[in-house]
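# Remarks on the overall topology
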Amino acid sequence: MVEQTAAVSDHEIHIKYEDQEKINQFARYNSKLLEIKDDLTAKGKQLQNLNDAAQDVEELELSEDSFPFELGEVYVEMSAEQANDMISTYRSKIENEILGLKSKAGEAVVSTQSTGTLLKMLKS
């Protein structure tokens with residue numbers, strides 16, 4: 001039986017400082033992009049919760065006089081109209097935050113792609 005052994009190279013890989021900086025920059029952009037995606041997911045869930053709350057208020061509007069609405073750590077009794085106004089306000093705020101995050105994500109994607117292109121050229 002013939003045994004094959006992996007040849008171990010005595011050569012060390014040397015990376016220029018500028019190249020290492022580009023690698024680090026790519027990692028930072030990629031990390032930022034992942035963080036933004038997580039934030040977008042969380043904001044999407046918050047928006048869905050608000051939509052569900054608005055639907056619940058709409059369904060119960062005829063049978064209930066007031067609704068508990070969470071403000072921070074306390075609940076406040078509100079009429080259906082007041083609850084819908086608060087939900088609309090929060091929904092608008094979150095939708096604006098989502099638009100801002102999508103813009104940041106677009107910038108991060110462009111930066112990541114341009115840095116990745118530079119790294120591919122260095123590899124060649």
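Refer to the structure above for everything that follows.
So, a few notes on the structure that sits alongside this text.

About the criteria used
- Residues numbered from 1 in each chain as written.
- Predicted model: local features only at pLDDT ≥ 70, side-chain atom pairs only at ≥ 80, totals over all residues.
- Heavy atoms only, no water.
- Helix = DSSP H or I, 4+ residues; strand = E, 2+ residues; numbered from the N terminus.
- Buried < 20%, exposed > 50% of the residue type's maximum accessible area, 1.4 Å probe, protein only.
- Contact = heavy atoms within 4.5 Å.
- Pairing = 2+ DSSP bridges.
- Core = buried A, V, L, I, M, F, W, Y, C linked by side-chain atoms within 4.5 Å.
- Expected span 1.5 Å × (residues − 1).
- Patch = residues over 30% accessible without salt bridge, like charges linked within 9 Å, V, L, I, M, F, W, Y side chains within 5 Å.
- Areas by Shrake-Rupley, 256 points an atom, 1.4 Å probe, with all protein chains shown as cover.
- Salt bridge = Lys/Arg side-chain N within 4 Å of Asp/Glu carboxyl O.

This part takes up the side chain of threonine 112. On the secondary structure map, threonine 112 appears in helix 2 (residues 80-123). What makes threonine 112 buried here is its relative accessible area of 9%.

This part covers the environment of leucine 71. Within the fold, leucine 71 resides in strand 1 (residues 67-71). For leucine 71, a relative accessible area of 28% corresponds to the partly exposed category. As a C-alpha pair, leucine 71 and methionine 86 span 15 residues in sequence and 9.9 Å in three-dimensional space. For leucine 71, the contacting residues outside a window of four places in its chain are Val76, Met78, Met86 and Tyr90.

Relative to strand 2 (residues 74-78), strand 1 runs antiparallel, the two sharing five bridges. Of the residues in strand 2, the one forming a bridge with leucine 71 is valine 74. Joining the antiparallel neighbours strand 1 and strand 2 is a turn of two residues, in which glycine 72 adopts a positive phi near 70°.

Tracing the sequence through the fold places asparagine 30 in helix 1 (residues 17-60). Along the sequence, asparagine 30 and threonine 112 sit 82 residues apart, while their C-alpha atoms lie 6.2 Å from each other.

By size, the foremost hydrophobic cluster in this structure holds twelve residues: Leu47, Leu50, Ala54, Val57, Phe67, Phe69, Met78, Ala80, Ala83, Ile87, Ile94 and Ile98. Of all elements in the fold, only helix 1, strand 1 and helix 2 reach the threshold of two or more residues within this core. Here the element with the most residues in this core is helix 2; it accounts for five residues. The contact partners of alanine 83, leaving out residues within four places of it in the chain, are Val57, Phe69 and Met78.

Moving on, we get to helix 1. For helix 1, with 44 residues, the first-to-last C-alpha span of 64 Å sits near the 64 Å given by 1.5 Å per residue. Considered for burial, the residues of helix 1 that qualify are Asp19, Leu33, Ile36, Leu47, Leu50, Ala54 and Val57.

This part takes up a nonpolar patch on the surface. Taken together, the side chains of Ile13, Ile15 and Ile23 define a hydrophobic patch exposed on the protein surface, amounting to about 310 Å² of accessible area. Inspection of the secondary structure assignment puts isoleucine 23 in helix 1. Of the residues examined, isoleucine 23 reaches a relative accessible area of 35% and is grouped as partly exposed.

As far as function goes, none of this settles anything; it's purely spatial.
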